[in-house]
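So the chains spell out like this:
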Amino acid sequence: MGQNISIAIHGGAGTILRSNMTPELQAQYEAGLGQALQAGYAILESGGSSVDAVQAAVMHLEDFQLFNAGKGAVFNNRGKHEMDASIMDGRTLAAGAVCGVGNVRNPVQLARAVMDQSEHVLLAGAGAEEFARQMELPFEADSYFFTQQRYDQWQQALLEDKVQLDHSDKKFGTVGAAALDMAGNLAAATSTGGMTNKKFGRVGDSPIPGAGTYANNATCAISCTGHGELFIRSVVAYDISCLMEYKGLSLQEACNIVVHDKLVRIGGEGGLVAVDYSGNICMPFNSEGMYRASKRNAGEAVIKIYKD
Ligand code: ASP
């Protein structure tokens, strides 16, 4: 136990096509991922906790407007940003989450406060916002969350009267991180704006412990991105942990079964980043691409978008 450190992050999976990417845009994505990775890694490297590392990485990704979380979150049917986030500590199985929150600058920070400073796991909507005010967390005006690209996607989705997964070419822009710290503790966090034009208080997998996020020191830490409804129905993150715990599978074997077989069979497009108790990293996806990055011990940072 101990000494190995690992971190893996994502900025969403989906139909990310080279034909829609310019070299400039790709460089921006890679820079955003690289900075978030470094923010988390620096905490691990200095002996900090995996919970702090995943929170720091996700806050960077929330502040980066190209991803669908925090600044740059998608619009719902009413033209608002309703965000979901969660965080989980693999040492204690403590978890904190929020769903349907508006104007909170960093929803993952609020999820952390729910975990550390409330007796609850999941707070929704107005109640979660009230708790954020009590915790004196930063709020932003609607204009902070506005991006032209997301607005145009919403207008298009309204015209077509459909609920859209983040991008006209079906990209899931959720962000997340999983990490192992020097003390052998695992943690995971996920944050999202959900789906463009979503209605009726829709909540995805991201704030649901066991579905979009899970961490358990005995097995692994996982953050998912993809079609939330199918990830909830497949209890994706917990399923991978269970395959390791009850069947003795490796992280890689468990990820393969869940991402490339079980999810595919019910049409669940997406992927995830995962770190196990030894620091092994897996970043599987069954879509065209996934914005992802990882770093293990003093190794080189890996930053990728496409299959290869
Ligand atoms: N899983 C997220 C949701 O369904 C979407 C995404 O990954 O981008 O809300």
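Above this text sits the structure in question.
Residues numbered from 1 in each chain as written. Predicted model: local features only at pLDDT ≥ 70, side-chain atom pairs only at ≥ 80, totals over all residues. Heavy atoms only, no water.

Q: Is there a simple way to explain the pattern of salt bridges in this structure?
A: Side-chain pairs of opposite charge can arise whenever the charged atoms involved come near each other. Summed over the entire model, instances satisfying the criterion amount to 8 salt bridges. We note a salt bridge from Arg112 to Asp52, for which the minimum N-O separation is 2.8 Å. Of this pair, Arg112 sits in helix 3 (residues 107-117) while Asp52 is found in helix 2 (residues 50-63), placing the two residues 60 residues apart along the sequence. For Arg112, a relative accessible area of 17% translates into the label buried. A residue is classified by how much of its surface remains accessible, and Asp52, at 33% relative accessible area, is partly exposed. Glu140 is the salt-bridge partner of Arg105, the closest N and O atoms lying 2.7 Å from each other. Highlighted residues: Arg105 in the loop between strand 3 (94-101) and helix 3 and Glu140 in the loop between helix 4 (125-134) and helix 5 (142-145), separated in sequence by 35 residues. With relative accessibility at 25%, the residue Arg105 sits in the partly exposed group. For Glu140, a relative accessible area of 22% translates into the label partly exposed. (Salt bridge = Lys/Arg side-chain N within 4 Å of Asp/Glu carboxyl O. Helix = DSSP H or I, 4+ residues; strand = E, 2+ residues; numbered from the N terminus. Buried < 20%, exposed > 50% of the residue type's maximum accessible area, 1.4 Å probe, protein only.)

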